[in-house]
Amino acid sequence: MVVRIILFSFFLLGINTAVAQVQFEDVTIAKDSTSYKPIDPLTPAKAAFYSAVIPGLGQVYNKKYWKVPIVYGGLAIGYYFYNDNNKKYKEFRNIYKRRIEGYTDDRYFGVYSDAVLINAQRTFERNRDISTAVMIGFYVLNIIDANVDAHLMQFNVNDNLSLAPDFSQNEIDYKYNIGITLNYRF
């Protein structure tokens, strides 16, 4: 009796799998919805060159207009502090030179000693040099940003590749696991 039940079960499973293997002729293949654009390998070089010639022009070439005020703002801030610190450095240097020559008619006479004037010169000179480094840094960052942005514009970004946070509950101790899932669909 048990053997008959087992054979009958296998017979039903066999019919089930036979029905599941029916082929359909009307199969529709979905086309990829992403459009193909030819990649110009010189685009990043052009963007970097334009930004090197005129800061912000590479961002305009990449059509990222909102970055241009940031570039000019950074350069203007660096130039402002360079100019301000350079004026103060020259002022304290000239006052110190006049004191060495024996003049006592400066506005800081009796207020600042010679050691304070030397320290002020060094401080403003250091700040002037830092401001120069900030300006150069913004200029170089402008070129790098234009180049990298032009590279990234050529990437095919669609929903086939996704990165998402993942929260799952551990079945052993029921604590939540936090992670990142990387999904790629063919």
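Further up the page is the structure itself.
Procedures and definitions
- Residues numbered from 1 in each chain as written.
- Predicted model: local features only at pLDDT ≥ 70, side-chain atom pairs only at ≥ 80, totals over all residues.
- Heavy atoms only, no water.
- Helix = DSSP H or I, 4+ residues; strand = E, 2+ residues; numbered from the N terminus.
- Buried < 20%, exposed > 50% of the residue type's maximum accessible area, 1.4 Å probe, protein only.
- Contact = heavy atoms within 4.5 Å.
- Areas by Shrake-Rupley, 256 points an atom, 1.4 Å probe, with all protein chains shown as cover.
- Salt bridge = Lys/Arg side-chain N within 4 Å of Asp/Glu carboxyl O.
- Core = buried A, V, L, I, M, F, W, Y, C linked by side-chain atoms within 4.5 Å.
- Phe/Tyr/Trp six-rings, centres within 6.5 Å; stacked < 30°, edge-to-face > 60°.
- Lys NZ or Arg CZ within 6 Å of the ring centre and 35° of its normal.
- Axes fitted to C-alpha atoms, helices over the stretch in contact; angles between N-to-C directions.
- Parallel < 35°, antiparallel > 145°, perpendicular 65-115°, else oblique.
- Left-handed = near helix turned anticlockwise from the far one by under 90°.
- Pairing = 2+ DSSP bridges.

**Points about the overall build of the protein chain**
Helix and strand counts for the protein chain stand at five helices and two strands. Overall, the protein chain shows an N-to-C arrangement of helices and strands of α-α-α-α-α-β-β. Across the 186 residues of the protein chain, 18% fall into the buried class. In the protein chain, once contacts between residues fewer than 6 apart in sequence are set aside, the share between residues at least 24 apart is 50%. Element-wise, carbon and sulfur atoms account for 63% of the exposed surface of the protein chain, whose accessible area totals about 15100 Å².

**A word on the environment of isoleucine 54**
If you trace the backbone, isoleucine 54 turns up in the loop between helix H2 (43-53) and helix H3 (57-61). A relative accessible area of 41% places isoleucine 54 in the partly exposed class. Once the C-alpha coordinates of isoleucine 54 and isoleucine 143 are considered, the two residues, 89 residues apart in sequence, prove to be 9.8 Å apart.

**Overview of the pattern of salt bridges**
When charged atoms on two side chains of opposite charge get close, those side chains can pair. Evaluated as defined, the whole model comprises nine salt bridges. The shortest N-O distance in the salt bridge between arginine 107 and glutamate 91 comes to 2.2 Å. Of the two residues, arginine 107 is situated in the loop between helix H4 (68-101) and helix H5 (114-152) and glutamate 91 in helix H4; the sequence distance between them amounts to 16 residues. Residue arginine 107 is classed as exposed on the basis of its relative accessible area, which comes to 59%. With a closest N to O distance of 3.2 Å, arginine 99 and aspartate 106 form a salt bridge. Like aspartate 106, arginine 99 is buried.

**What about the nonpolar core?**
Ranked by size, the top nonpolar core spans seven residues in total: Tyr89, Phe92, Ile95, Tyr108, Leu117, Ala120 and Phe124. Mapped onto this core, the elements with two or more residues apiece are H4 and H5. Residues in contact with phenylalanine 92, not counting those within four places in the same chain, are Tyr108, Tyr112, Leu117, Ala120, Gln121 and Phe124.

**Notes on the packing of aromatic side chains**
Scanning all chains against the criterion turns up seven aromatic pairs. A centroid spacing of 5.3 Å and a plane angle of 15° characterise the contact between phenylalanine 92 and tyrosine 108, whose relative ring orientation is stacked. Residue phenylalanine 92 is located in helix H4, and its partner tyrosine 108 is located in the loop between H4 and H5; the two are separated by 16 residues in the primary sequence. Assigned by exposure class, phenylalanine 92 and tyrosine 108 land together as buried. Here the aromatic cluster, defined as three or more aromatic residues joined through ring pairs, consists of Phe92, Tyr108, Tyr112 and Phe124. Across the ring face of tyrosine 103, the terminal group of arginine 98 is positioned such that the distance to the ring centre comes to 4.2 Å. Above the plane of the ring of tyrosine 89 lies arginine 128, whose end atom (NZ or CZ) is 5.0 Å from the centre.

**Some words on the packing of H4 against H5**
For the pair H4 and H5, the least separation of the axes is 8 Å and the interaxial angle reads 160°. When the axes of H4 and H5 are compared, the pair comes out roughly antiparallel. Relative to H5, the crossing made by H4 is left-handed.

**Remarks on the pairing of strand S2 (residues 176-184)**
A small share of S2 lies buried, amounting to zero of its nine residues. Pairing between strand S1 (residues 161-169) and S2: nine bridges, direction antiparallel. For leucine 163, the partnering residue across the bridge sits in S2 and is leucine 182. Connecting S1 to the next strand, S2, in antiparallel fashion are six residues, including tyrosine 174 with a positive phi near 60°.

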